[in-house]
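Spelled out, the chains give:
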Amino acid sequence: MSELPCPEPPARCRGRFTISTLLGVEEAGRPPCEAAGCEGTHLSGSTLCTRTFGYNTVDVVPAYEHYANSKGVGEARRGRPSLADLRSILKVRPAEPGWPWLSPGATCTHSRCPHLCPLQIRCMLNIWGVILYLRLPWITAQAGIALTWLIILMSVTVTTITGLSISAISTNGKVKSGGTYFLISRSLGPELGGSIGLIFAFANAVAVAMHTVGFAETVRDLLQEHDSLMVDPTNDIRIIGVVTATVLLGISLAGMEWEAKVVLFFLVILVSFANYLVGTVIPATAEKQAKGFFGYRADIFAQNLVPSWRGPEGSFFSLFSIFFPSATGILAGANISGDLKDPAVAIPKGTLMAIFWTTMSYLVLSATIGACVVRDASGSLNDSVPVGSPGCEGLACSFGWNFTDCAQRQSCPYGLSNHYQVMSMVSGFGPLITAGIFGATLSSALACLVSAPKVFQCLCKDQLYPLIGFFGKGYGKNNEPIRGYVLTYVIAVGFILIAELNAIAPIISNFFLCSYALINFSCFHASVTNSPGWRPSFRYYSKWAALFGAAISVVIMFLLTWWAALIALGIVVFLLGYVLYKKPDVNWGSSMQASSYNMALSYSVGLSEVDEHIKNYRPQCLVLTGPPNFRPALVDFVGTFTKNLSLMICGNVLIGPRKQKMPESRLTSDGHTRWLLKRKIKAFYTNVLAEDLRSGVQMLMQAAGLGKMRPNILALGYKRDWQVAAPQSVEDYVGILHDAFDFKYGVCLLRMKEGLNVSRAVQSSTGGAQTDPGELAAEQQASTIFQSQQGKKTIDIYWLFDDGGLTLLIPYLLWRKKRWGKCKIRVFVGGQINRMDEERKAIVSLLSKFRLGFHEVHVLPDINQKPRPEHIKRFDDLVVPFRLNDGFKDEAAVSEMRHGCPWKISDEELHKHRAKSLRQVRLNEILLEHSQDAALIAITLPVGRKGGCPSSLYMAWLESLSWDLRPPVVLTRGNQENVLTFYCQ
């Protein structure tokens, strides 16, 4: 490879540098000072690479920074040239002198985020919480060793599947701060991600209370042993808990560097666990035997193998709900993903290893404690009796202890079923167990106290919900969410005041299970959508296992506490509905977006296999709006009757020579789409580049749509300036109508007295046409008549010619909308004066068969009367500027005169179409007489013969027909095929 010499780097950075390195990009995980290979020079802020291909190019080599923070498809990245840059003439500028990245005194350091502590240790600390020491022995006594193992394995099944799902999601891209919320929201989207983020942050706040109450309970027991209670057992837990939570808050506010020293707690827990195992093999003293510990005994193991349910919590699922929070620490690492050096590696490895080792510890503890300690013991040395003494009942009798009295009364203070501190009693040195309890509870409480604000801070920054942004503000170099810490503290203190561990744990279980269900569903959903963007580095997951994990989590929620499950799901649904309603402006490339594409593609392909039927006819409109914000009335008119019903495409023809550079149409396309969404118009926007309007519209009519979802109606506005416009533009306008009929389109033409085009007003208010999507969407929306309530006016339909029923269908669809629902429909038809009743009955009968609900029918017998002279003169004056005035010249002479001006009207053509021209004038008189106060006039569009009716004459017909009418006039003509039927098949 041809290489250019690099500037001399500092002593510690010897070697040649690639352009990527000089731009600050690491190669293959090495710091810049270790990268090698120099491939170019610097050119105008970008890179001009000299390669072995033998020429210079503005192309750049692949680099990390070109893909960092990519969001939108096709979004230009810093450093990568655009297609326009690559295709334009290369203008080489002198390279900038020196290398700013290697200025004198600069050092080539590899900055990494501090490695707080192994994620595996953090997860294990959070899993080894209060339940391990204070409730697992009690659960073993209640459920027996066998069912306790089942409880543990059920919990581990859920957490392992969830761990696999987390590993897959977290390795499918760069993971930022926000932990579980970030994973779910960026995978499933803001709708479900936002709700689960709020719930998960709340669950972590409550978990602070659970671990703190466990700590306070242990301190209370120590005080009780020494008769040093401050108030009473319950209030002492509250006092100690609030003080502890306050201290933990201070530690958290001290910063993550101090909090990182919780690894010391891990060592304390390991020592305490080893101390417990050593204690199980040390021969029991008389004091320990009085409290129920006799060392490993097969008969004790056999008795404790089966359950012995006691008290209100004495059921399998009640105990499961108490134990399950001990398995929820698997998300501790994911919750601080933003502080990890390499989350994609650390989260899978640390989480799964933590699950394995903590599961082994739970199983070992349950089996060993169940093989050493009986369920009931009095703790009194006076209960020692000779083996086989009469009147002694229970397993302890065979060991020389009589606990019969307290066992029968269920008042024994010691034993597996009664003494929460049984591990401390069994251990070789009790204070070490107490230290382990302190380490486990405080480290877990501290982890939750750190996790909850960070998750909540990420949620606040996304601005999905109102009134919470206040808590998202960060402070200091680490952007610590101090306000979030205080909020978490307040919630934790509120639950600490409950002072009952068995009441707090089930609350947390439901919220964590809800989070796990969403995490597993995220993994499953991302897998089944087949999105090319779903490429997790972690491969050891199954989409079906993830689906099973999601389903079993929901099932367990209801088996634990059905009312709490309903509350949790109700909160999720409420928050989901809010986000769906507000539609936040975020784009995270979620699996929901991929699923929407899959569904749309599947249904579109499936629709192609369905034969068309008149009953399923829908008016699918191609609307010639130009930029939609230039003709809002036309957009609103079509959008009203197509909303939630059929297809609407707003088409724009960008006129210019074919060799002209293509405009930045993608940017404006996004802006127009946002404008439509803001106006609540459900429509697509598309544009084409063409040499003239007519050829562009032909392109649109042939190419717009997909499969069976293709336009069948061309909707456009009336050309008001046809009398002063360039004659060729009028010729093109009328030609578009003929082209529509050639392509089997129906035509819907809207005329409003004040006009449709508001482009001048828009451009004057914005200082020119907008090119930024945000500016276009934020502009002041013009109001139109189609956005207001129409009251009890009339919709007048002049169904003069049978076009297949489209003239009836469009007003009917308008009438179904709320704003038009109070209007009265009137149908006008032509007829003869001597057959008015018969013709009226025939039309009423036909309309009733169509089931349109139109009952008021008027027959117009005077439709063929001669118009008033002044109105005839007005029409004649209208066409005067467009006449050839060929007199009695022969056909050859007329053809010569019309050469180059086909829009001109010959005397013969004017005479041949005289009757039709006068009919338009007469119809206008009828419209002025009957419908001047209507909300809308719908009338059949007259059709001019192709090649036999000059464009100027046809426009004169439309002008005369709709002249001086106050209501909007819709001139409609179907393609002469039925769109209405009264048959059921």
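Now for a description of the structure that goes with this document.

Conventions adopted
- Each chain has its residues counted from 1, running along the sequence as written.
- Local features in a predicted model are, by the rule used here, given only for residues with pLDDT of at least 70; side-chain atom pairs are given and counted only at 80 or more, and totals for whole chains, interfaces and linings are based on all residues.
- Derived side-chain values reflect all non-hydrogen atoms in the structure, with water molecules and hydrogen atoms excluded from consideration.
- Only the stretch in contact is used when fitting a helix axis, every axis being a line fitted to C-alpha atoms; angles between N-to-C directions are given from 0 to 180 degrees.
- Under the DSSP-based scheme used, a helix requires at least four consecutive residues in state H or I and a strand at least two consecutive residues in state E, with every element numbered from the N terminus.
- Each angle gets one of four labels, with under 35 degrees taken as roughly parallel, over 145 as roughly antiparallel, 65 to 115 as roughly perpendicular, and the rest as oblique.
- Handedness of each helix crossing follows the sense of rotation of the near helix against the far helix: counterclockwise by less than a right angle gives left-handed, clockwise gives right-handed.
- Accessibility here uses a 1.4 Å probe with only protein chains present; expressed as a share of the type maximum, an area under 20% marks a residue as buried, one over 50% as exposed, and anything in between as partly exposed.
- It only takes one pair of heavy atoms within 4.5 Å for two residues to be counted as in contact.
- DSSP calls a pair of strands paired once it identifies at least 2 bridges connecting them.
- Residues grouped as a nonpolar core are buried Ala, Val, Leu, Ile, Met, Phe, Trp, Tyr and Cys residues, joined through side-chain atoms within 4.5 Å.
- Throughout, disulfides are identified as pairs of cysteine sulfur atoms within 2.5 Å of each other.
- Should a side-chain nitrogen of Lys or Arg be within 4 Å of a carboxyl oxygen of Asp or Glu, the pair is scored as a salt bridge.
- Patch members must show over 30% relative accessible area and no salt bridge, and they are joined within 9 Å when carrying like charges or within 5 Å when they are nonpolar side chains of Val, Leu, Ile, Met, Phe, Trp or Tyr.
- Each accessible area value is a Shrake-Rupley result obtained with a 1.4 Å probe; residue values ignore everything except the protein chains displayed when judging cover.

## Some points on the packing of helix α7 (residues 190-225) against helix α20 (residues 501-528)
Then, in step 1: Contact geometry of α7 with α20 gives a least axis separation of 9 Å together with a crossing angle of 150 degrees. Here α20 runs roughly antiparallel to α7, going by the angle between their axes. Handedness of the α7/α20 crossing: left-handed.

## A few points about the side chain of Thr434
Then, in step 1: Relative to the elements of secondary structure, Thr434 occurs in helix α18 (residues 430-462).
Then, in step 2: Among the residues examined, Thr434 registers a relative accessible area of 11% and is labelled buried.
Then, in step 3: Residue contacts for Thr434: discarding those within four places in its chain leaves Thr218, Leu222 and Ser424.

## Let's talk about the sheet that holds strand β10 (residues 824-830)
Then, in step 1: Judged by pairing direction, the sheet is mixed, and its ten strands sit side by side in the order β6-β5-β4-β7-β8-β13-β12-β9-β10-β11 without closing on themselves. Of all the strands in the sheet, just β6 (684-690) and β11 (856-860) have a single pairing partner and so form its edges. Shown here is a sheet whose adjacent strand axes are inclined to one another by a mean of 20 degrees, direction ignored.
Then, in step 2: Sheet topology places strand β4 (residues 621-624) next to strand β5 (residues 648-655); four bridges connect them, and they run parallel. Bridge pairing links Leu622 to Ile649 in β5.

## Some remarks on helix α30 (residues 806-815)
It helps to recall that an α-helix has 3.6 residues per turn; residues three or four apart then point in one direction.
Then, in step 1: Here α30 lies mainly inside the structure; nine of its ten residues are buried.
Then, in step 2: Taken together, the buried positions of α30 are occupied by Leu806, Thr807, Leu808, Leu809, Ile810, Pro811, Tyr812, Leu813 and Leu814.

## Here we look at unusual backbone geometry
When glycine is set aside, most residues are seen to have a negative phi, and most peptide bonds are trans.
Then, in step 1: A positive phi angle is found at Lys744, which is not glycine, with a value near 65 degrees.
Then, in step 2: Here Lys744 lies in the loop between α27 (727-742) and β8 (746-751).
Then, in step 3: Notably, Asp964 is not glycine yet its phi reads approximately 60 degrees, a positive angle.
Then, in step 4: Within the secondary structure, Asp964 sits in the loop between α36 (951-961) and β13 (969-973).
Then, in step 5: Asp964 sits in the partly exposed class, given a relative accessible area of 33%.

## Some details on the nonpolar core
Then, in step 1: Membership of the largest hydrophobic core comes to 126 residues, with the highest contact counts inside it found for Tyr133, Ile151, Phe323, Tyr362, Val373 and Val426.
Then, in step 2: What Tyr133 contacts, discounting residues up to four positions off in sequence, is Ile269, Ser272, Tyr420, Met423, Ile433, Gly436, Ile437 and Ala440.
Then, in step 3: Counting residues in each nonpolar core, the second largest holds 55 residues, with Tyr733, Leu860, Ile926 and Leu971 among its members.

## Thoughts on the state of the cysteines
Then, in step 1: In this structure the tally under the stated criterion is two disulfides.
Then, in step 2: Paired through a disulfide, Cys392 and Cys397 show a sulfur-sulfur distance of 1.8 Å. Here the S-S torsion is close to -95 degrees, and the disulfide linking Cys392 with Cys397 is therefore left-handed.
Then, in step 3: Among the residues examined, Cys397 registers a relative accessible area of 10% and is labelled buried.
Then, in step 4: In this model Cys406 forms its disulfide with Cys412; the gap between the sulfur atoms is 1.9 Å. Since a negative S-S torsion denotes a left-handed disulfide, the Cys406-Cys412 link at about 85 degrees is right-handed.
Then, in step 5: In this structure Cys458 is a free cysteine whose sulfur lies 9.3 Å from that of Cys460, the closest cysteine sulfur available.

## Concerning the pattern of salt bridges
Then, in step 1: Within this structure, the stated rule accounts for 19 salt bridges.
Then, in step 2: For Arg220, the salt bridge goes to Asp221, with nearest N and O atoms at 2.9 Å. Each member of the pair, Arg220 together with Asp221, is buried.
Then, in step 3: The partner of Asp636 in a salt bridge is Arg679, and the shortest N-O contact between them spans 2.8 Å. One end of the pair, Asp636, is in helix α24 (residues 632-642); the other, Arg679, is in the loop between α25 (665-678) and β6, with 43 residues separating them in the sequence. For the pair formed by Asp636 and Arg679, the shared burial category is buried.
Then, in step 4: Overlapping salt bridges bring together Asp862, Arg922 and Glu925 as one network.

## A closer look at a nonpolar patch on the surface
Then, in step 1: A surface patch of nonpolar side chains, about 670 Å² in accessible area, is lined by Val554, Phe558, Trp562, Trp563, Leu566, Ile567 and Ile571.
Then, in step 2: Elements with a minimum of two residues in the nonpolar patch: α21 (543-560) and α22 (562-582).
Then, in step 3: At five residues, the largest contribution of residues to the nonpolar patch is made by α22.
Then, in step 4: By the element assignment, Trp562 lies in helix α22.

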